[in-house]
Amino acid sequence: MLAKHRELLRFAMVGGASFVITMTITYGLKFTVLTDKPVTALVIGVLVATVFSYVANREWSFRTRGGRERAHEAALFFLLSAIALGLNALPQLVSRYVLGLEQPHVGLLTQEIADFVSGVLVGTLLGTVFRWWSFKKWVFPEAGARPRLLRGGGRRAPDDLDDRAA
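Residues numbered from 1 in each chain as written. Predicted model: local features only at pLDDT ≥ 70, side-chain atom pairs only at ≥ 80, totals over all residues. Heavy atoms only, no water.

(A) Quick look at the packing of helix 3 (residues 70–98) against helix 4 (residues 108–139). One can describe the packing of helix 3 onto helix 4 by two numbers: an axis separation of 8 Å at closest approach and a directional angle of 155°. Compared by their axis directions, helix 3 and helix 4 come out roughly antiparallel. Where helix 3 crosses over helix 4, the two elements pack in a sense that is right-handed. Its residues assigned to classes, the contact of helix 3 with helix 4 comprises 15 nonpolar, 11 polar and 5 charged. (Axes fitted to C-alpha atoms, helices over the stretch in contact; angles between N-to-C directions. Helix = DSSP H or I, 4+ residues; strand = E, 2+ residues; numbered from the N terminus. Parallel < 35°, antiparallel > 145°, perpendicular 65-115°, else oblique. Left-handed = near helix turned anticlockwise from the far one by under 90°. Nonpolar A, V, L, I, M, F, W, Y, C, P; charged D, E, K, R; others polar.)

Have a look at this one:
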């Protein structure tokens, strides 16, 4: 079962690392230099994590997929990631500016819980589902398009999926 869902598991691991990067940067900025701009802090955190995500997804999660010239692939990746960024920020924007879950309308604890639930949990879920679907559909559309490198430097056929030892 693990071999069958290898791409999804790797995508999830890259997503987990990207999540840690996003949270570290977002909360680092939010509690220091961008205290009055939480959505901006979130967007910056997501942008930095997106650069990491492109490299990790291309070289690990979807390493045997392709079908596009690299510049076209990267442009699509970042365009779709920008859409996902909007999906990621949308729940927090609604929470803050439509529902009014910000100070002075609510207490600091309520504001922070609302930011976490809307921006981190709901927004990340929306963005992740969209990324998985769109990357497989448009960025890395062809399974087996790139051969994998063997440990000794040789190439393995793209359709040979037996790398359980790797």
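The rest of the description comes next.
(B) Spotlight on the UniProt feature "transmembrane region" (unreviewed entry) in the protein. The positions UniProt marks with the feature "transmembrane region" (unreviewed entry) are residues 7–27, 39–56, 76–93 and 113–133. Within residues 39–56, the helical portion is 100% and the strand portion 0%, while the C-alpha atoms at the span's ends are 25 Å from each other. Segment residues 113–133 splits into 100% helix and 0% strand. End C-alpha atoms: 29 Å apart. (UniProt positions renumbered as here; feature names shortened; annotations may be inferred.)

(C) The environment of Y54, seen in detail. Looking at the element boundaries, Y54 is found in helix 2 (residues 38–61). You can call Y54 buried: its relative accessible area is 10%. The sequence separation of Y54 and E73 amounts to 19 residues, and the corresponding C-alpha distance is 9.9 Å. Once residues within four sequence positions are removed from consideration, Y54 is found in contact with R70, E73, A74, F77 and F78. (Buried < 20%, exposed > 50% of the residue type's maximum accessible area, 1.4 Å probe, protein only. Contact = heavy atoms within 4.5 Å.)

(D) Examining the packing of helix 1 (residues 6–30) against helix 2 more closely. At their nearest, the axes of helix 1 and helix 2 sit 8 Å apart, and the two run at 150° to each other. With respect to helix 2, the element helix 1 is oriented roughly antiparallel. Relative to helix 2, helix 1 is oriented so that their crossing is right-handed. Looking at side-chain class alone, the contact of helix 1 with helix 2 contains 17 nonpolar, 7 polar and 3 charged residues.

(E) Summary view of the packing of aromatic side chains. A full pass over the atoms with the stated rule returns 12 aromatic pairs. Ring centres of W133 and W138 lie 4.9 Å apart, and the angle between their planes is 80°; this geometry places the pair in the edge-to-face category. Classification of W138 as partly exposed rests on a relative accessible area of 33%. Following the ring pairs from residue to residue traces out a cluster consisting of F11, Y54, F62, F77, F78, W132, F135 and F140. (Phe/Tyr/Trp six-rings, centres within 6.5 Å; stacked < 30°, edge-to-face > 60°.)

(F) Quick look at the pattern of salt bridges. Taken as a whole and judged by the stated rule, the model has 8 salt bridges. The partner of R65 in a salt bridge is E7, and the shortest N-O contact between them spans 3.7 Å. Here R65 is found in the loop between helix 2 and helix 3, whereas its partner E7 is found in helix 1, with 58 residues between them in sequence. We note that R65, like E7, is buried. Residue K136 pairs with E7 through a salt bridge whose shortest N-O separation is 3.2 Å. With a gap of 129 residues between them, K136 in helix 4 and E7 in helix 1 connect regions that are remote in the sequence. Classification of K136 as partly exposed rests on a relative accessible area of 26%. Beyond isolated ion pairs, a larger network of salt bridges with shared partners links K30, R96, E102, E112 and D115. (Salt bridge = Lys/Arg side-chain N within 4 Å of Asp/Glu carboxyl O.)

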